[in-house]
Every structure is written in structure tokens, then in C-alpha cells.
Amino acid sequence: MSMNVETGLPYMLSVEDARARILNMFEVLETERKPILDALGQTLAEDVSSTLDIPPLTNSAMDGYAVHHEAVAGASEANPIELRVVGHLAAGELPGQSVEGANAIRIMTGAPIPLGADTVVPFEETDEFERKSRGLSPSEITEIRVMKEAAVGANLRPAGQDVRKGQMVLERGTLLRPSEIGVLASLGRDTVEVVRRPVVAVIATGDELIEPGDPAEAGKIYNSNSYGVAAEVLRYGGIPKLLGIARDNLESMNAKLDEGLTADVLLTSAGVSRGDYDIVKDVLASRGQIDFWSVRMRPAKPLAFGVFTGQGGRLVPHVGLPGNPVSALVAFEELVRPALLKMQGRTDLEKAMIRAVLEDDIVNSDERRVYARAVITRRNGRYYARLTGDQGSGVLTSMALANGLAICPEDVPVMRAGQEVDVQMLDWPVDAGQA
Ligand code: AMP
Ligand code: MG
């Protein structure tokens, strides 16, 4: 392996090596206590066990009549069995009386089963509706005819069916999705301990940049990287801190860096490519431990990575993303996203991968790993990957069209249409276009 004499690193790092070196510099962040709804998307930092049975009491799964099964043995349409209705139970009420002999208690879904009953006959299996159509109000129903037998335990939800008292329900490290938020609420929890979200400083660099909203100017381009990158940060659970544009001079870079070092991570874009051996690189290198890397991937070969010392001696990792907009986003996906997830206590750092049939060729001219922007569709049970056109690293709309990155390995000079390819999904599901 040829080495770079300046950095002592291999001239071109593999994607895996680059990711491992980056991940190595990130730790799981501290925890915080939050209202459960605010914790959506965060990682649980405590083991959650239940202090109660859920449901707390055996209750009815239907609106109907709580009876003892023997009281309705042999009941049928032709041979209905009449029961005396001795009480009514709504959800939230506790039974005040038990069911004996040929008695029934009218019961609503969720109400606890009275003593003596072992099954619930739903309205549909009685003449309830007929009585109602005769103008009787529920409280006027004093007897009921049952048209069907009932099995012991039918239409009952046993106490503890969902969760048992003392049971471990959600383990530390669990990602809180809507269903977990619901489970926490079902346990009576209103707050939860989670890993806090990382604050990510985002700085664009370049004299050519103007901000969206500014009037267009000849020779200038809009800063798209900050917004695309900040949106990625949001999407993967971070809190972006947009610090605007650093100009290609010492004062400007230094001022932005000072602001950026209050964050947990610092992301810059541009100024890391070969043609850019200028002030950006010098400032970065003079203030931190920064390596400039070539990563064996296309797009996003040039990358800077290092660590700055922030306030109080805190170490702040820095990823210098490439300037080309597609490169910045692909580098983010492959190298920054896993680090953000790691900080948030996530352990599964991979995106979904599928196998798809290529619909275009992928040409790999210089032994890098190619991440080709692709539209993935599913037809007749198979996935297909069509490239989104011009794969230039400045063609940001080609990224916007894509829902996956088709991966051509380093050692494969060309993949032909018709061949199977690994695709890393950017978005899921991929059912659009399903035939
Ligand atoms: P550089 O790495 O500074 O040579 O930038 C590489 C390419 O990316 C140039 O064409 C830049 O104009 C472009 N570029 C740099 N920063 C941004 C940005 N924030 N938004 C959009 N394009 C950018
Ligand atoms: Mg530049």
C-alpha cells in the first residue's frame, strides 16, 4: 500500500477505514430526562420495567353481556336462552355485583369482568338490537335472549395480557418510535431518560457563495451545502447550528471556527480538494489535529477529518466535507451519519441494503467504490435500479431524484445493465412504480 508521506496514512483510505477512524473519535453523549413525546427518535438510556399489570384487570373485549358460560350452554337461533339483566358496567367502573345463575350484566368494552362471569356474549349474538329497535333504552333492557353458546374466556382480555407487573418492557438502547412512546404512556410514564441529541455546527466555506434569499449575482453560487447537510443532520436526530459562510481568509475562518467549537461536532464543506491548498486547509491544520484524506469512493473522494480543542479542553471532532454538493451529501451519508447515530446511542448504523437489477451500466474508471444515484422501483416482485442521469458531483438534482445509491465495488471496472447490484436505500419503502 502506498503511503502519503505528509500524513503517514495510506494514500487512499477505504470507505470502511475512513468510517472506522471517524467513528473511533465519537462517544455516546450524556443523557437527559424529557417528556415522552419530546423523546421521539431518541435512544432510551434506562431500562423500563412495569410497576403494574396491563390491563390491570380482566376486562371485556366487546360490548355485550357478561355471563357464566353454563348459563348459555345450548343456546342457538332456534333455541335462544333468556337471561335476566341485573346490572350495567361501563369502562372505568368497578363491578358492584357478581353474576349468578341465569343472570347477565350488560358490559362495555374495557370494563372489568364481574365475579361469576367467565365469558362475554357480544350484542350481535343476542336480541339487543331488536330490543333497541323497539324503542327500549339500554337501562330499560331487563332481560336478554342469547342466540349462541359462549366458550369460557371468549371476548375477555386477561389481566396482564399485554404487560405483567415487574416485567422488563423496554431495554436501554431502544430507539423510541411512536409505538414505544405509546408503551411508555401505557406504563404511566410521563418522562423518560434518553441520550441527548448532538448539536452539529455547519459551516460553508468559499468566496463564491451567497445565501439563498440573496439576489443572484454573476459569478456567485448559492450555498446549498449548508442546507442539505443541516437537513441531513435533522433527519438523523442532530440539532443543526447553521453558522453561515466562512470566506477564504484567515479572519473569517477563525471567527466561524470559534463559533463552531461550541457544538458537539463541526461540519464544514469545501476547501478540502486537491486544488484548494489554501487558507482553509492552513487554518484547519494550524488549529487542530486535521488530516486530509482521499477516500476510495466516488463521489466524495476528498475529505478532511480531525479534532479541535473546544472550550474547557473539550475535543470537538471535525469533518471537512467536499464542496461539490452531491459529494457533500454522499460523504455525509457514508461517514457522518454513522457518527451522529453512534453519539445518540444507536448501535445499528447501517442503512437498508437491497439487491436490484441494474437498468443502466455503471462505469468505474479509477478503482474507487462508486455510489451511483439510482431510482429503485419494484416490479413483479423484483427491485430495479435505474440511474438518475448525469452522475457529475455538482448535479444536485440527480441526488434529489434518487431513492438509493447503487454500489459498484472498487475492483469492478464496469457493471452492465441486467446485472444484480447492491443498493443502499436512501429512502424506504420503494414501492413506487410497483406493477
Ligand atoms: P472547493 O472544494 O472549495 O474547491 O469546492 C468544490 C466545488 O463545490 C466548487 O464548485 C464550489 O463552488 C462548490 N461549492 C463549495 N461550497 C459550496 C456550497 N456551500 N454550496 C454549493 N456548492 C459549493
Ligand atoms: Mg472553495
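Quick look at the structure, then. (Residues numbered from 1 in each chain as written. Chains lettered and ligands numbered in written order. Predicted model: local features only at pLDDT ≥ 70, side-chain atom pairs only at ≥ 80, totals over all residues. Heavy atoms only, no water.)

**A closer look at the overall build of the chain**
In step 1: Counting its secondary structure elements, the chain contains eight helices and 27 strands.
In step 2: By the compact-globule yardstick of 22 Å for 435 residues, the chain is too spread out, its C-alpha radius of gyration being 32 Å.
In step 3: Of all 435 residues assigned to the chain, the portion counted as buried reaches 48%.
In step 4: Summarising the internal contacts of the chain: among those between residues at least 6 apart in sequence, 71% fall at separations of at least 24.
In step 5: In the form shown here, the chain has an accessible surface area of approximately 20300 Å², with 52% of it arising from carbon and sulfur atoms. (Helix = DSSP H or I, 4+ residues; strand = E, 2+ residues; numbered from the N terminus. Rg over C-alpha atoms; globule rule 2.2 N^0.38 Å. Buried < 20%, exposed > 50% of the residue type's maximum accessible area, 1.4 Å probe, protein only. Contact = heavy atoms within 4.5 Å. Areas by Shrake-Rupley, 256 points an atom, 1.4 Å probe, with all protein chains shown as cover.)

**Examining the sheet that holds strand E7 (residues 119-122)**
In step 1: In space, the five strands of this open sheet follow the order E7-E4-E6-E5-E8, with mixed pairing throughout. Looking at strand neighbours, the two that pair on one side only are E7 and strand E8 (143-146), the edges of this open sheet. Averaged over neighbouring strand pairs, the angle between their axes works out to 40° when direction is ignored.
In step 2: Relative to E7, strand E4 (residues 64-67) is paired through four bridges, and the arrangement is antiparallel. Residue Ala 66 lies in a different strand from E7, and its bridge partner there is Val 120. (Pairing = 2+ DSSP bridges. Axes fitted to C-alpha atoms, helices over the stretch in contact; angles between N-to-C directions.)

**Observations concerning the nonpolar core**
In step 1: Within the largest apolar cluster, 43 residues are counted, with the highest numbers of intra-cluster contacts made by Leu 267, Leu 303 and Leu 340.
In step 2: Looking at this core element by element, the count peaks at 12 residues for helix H7 (residues 325-343).
In step 3: Excluding its chain neighbours within four sequence positions, the residues that come into contact with Leu 303 are Ile 22, Val 272, Asp 291, Phe 292, Trp 293, Val 295, Val 319, Gly 320, Leu 321, Pro 322, Ala 331 and Leu 335.
In step 4: In this structure, Ala 246, Met 253, Leu 266 and Val 283 belong to the second largest nonpolar core, which totals 18 residues. (Core = buried A, V, L, I, M, F, W, Y, C linked by side-chain atoms within 4.5 Å.)

**Quick look at unusual backbone geometry**
In step 1: Cis geometry marks the peptide bond from Ile 54 to Pro 55, where omega comes out at -10°.
In step 2: Take Pro 55: it is sitting in the loop between strand E2 (48-49) and strand E3 (59-60).
In step 3: Backbone torsion omega between Arg 298 and Pro 299 reads 0°, so that peptide bond is classified as cis.
In step 4: In this fold, Pro 299 is placed in the loop between strand E18 (297-298) and strand E19 (302-309).
In step 5: Its identity is not glycine, yet Ala 270 carries a phi of approximately 75°, on the positive side.

**Concerning the packing of aromatic side chains**
In step 1: Within the structure shown, the criterion is met by five aromatic pairs.
In step 2: Relative to Phe 305, the ring of Trp 293 lies with its centre 5.5 Å away and its plane at 50°, an arrangement referred to as tilted. Taken together, the positions of Trp 293 in strand E17 (residues 288-294) and Phe 305 in strand E19 put the pair 12 residues apart, joining distant regions of the chain. Just as Trp 293 is buried, Phe 305 falls in that class too.
In step 3: Through a chain of ring-to-ring contacts, three or more aromatic side chains come together here, namely Tyr 65, Phe 123 and Phe 129.
In step 4: Cation over ring: Arg 337 sits above Tyr 236, and NZ or CZ is 5.8 Å from the ring centre.
In step 5: Above the face of the Tyr 384 ring, Arg 379 is positioned so that its terminal group lies 4.0 Å from the ring centre. (Phe/Tyr/Trp six-rings, centres within 6.5 Å; stacked < 30°, edge-to-face > 60°. Lys NZ or Arg CZ within 6 Å of the ring centre and 35° of its normal.)

**A closer look at the pattern of salt bridges**
In step 1: As enumerated under the stated definition, the model contains 29 salt bridges in all.
In step 2: For Glu 420, the salt bridge goes to Arg 355, with nearest N and O atoms at 3.3 Å. Note that Glu 420 is positioned in strand E27 (residues 420-425) and Arg 355 in strand E21 (residues 353-358), a separation of 65 residues in sequence.
In step 3: The class for Arg 355 is partly exposed, based on a relative accessible area of 45%.
In step 4: Linked by salt bridges that have partners in common, Glu 30, Arg 196, Asp 264 and Arg 314 make up one network. (Salt bridge = Lys/Arg side-chain N within 4 Å of Asp/Glu carboxyl O.)

**So, the layout of surface pockets**
In step 1: The computed volume of the largest pocket comes to approximately 630 Å³.
In step 2: Taken together, 38 residues line the largest pocket, and the ones lying closest to its centre are Gly 323, Asn 324, Pro 325, Ser 327 and Ser 393.
In step 3: Only strand E14 (221-222), H7, strand E22 (362-363) and strand E23 (369-379) provide two or more residues apiece to the lining of the largest pocket.
In step 4: Among the elements that line the lining of the largest pocket, the one with the most residues is E23, at four residues.
In step 5: A class-by-class count of the residues in the lining of the largest pocket yields 16 nonpolar, 14 polar and eight charged. (1 Å grid on protein atoms, 1.4 Å probe; cavity = no way out; pocket = protein on both sides within 12 Å on 5 of 7 lines; lining within 4 Å. Points joined across faces, edges and corners; volume = space filled by probe spheres on them. Nonpolar A, V, L, I, M, F, W, Y, C, P; charged D, E, K, R; others polar.)

**Things to note about the packing of helix H1 (residues 15-24) against H7**
In step 1: Remark: H1 packs on H7, axes separated minimally by 9 Å, with the N-to-C direction vectors making an angle of 35°. For the crossing formed where H1 meets H7, the hand is right-handed. Residues Val 15, Ala 18, Arg 19, Ile 22 and Leu 23 of H1 form the contact with H7, whose participating residues are Glu 334, Leu 335, Pro 338, Ala 339 and Lys 342.
In step 2: The class makeup of the residues in the contact of H1 with H7 is seven nonpolar, no polar and three charged. (Left-handed = near helix turned anticlockwise from the far one by under 90°.)

**A look at H7**
In step 1: For H7, spanning 19 residues, the distance from its first C-alpha to its last is 25 Å, which sits close to the expected 27 Å at 1.5 Å a residue.
In step 2: If you look at H7, its biggest bend is around 45°, right at Glu 333.
In step 3: With 18 of 19 residues buried, H7 lies mostly within the body of the structure. (Expected span 1.5 Å × (residues − 1). Bend = angle between axes of the 7 residues up to and from the residue.)

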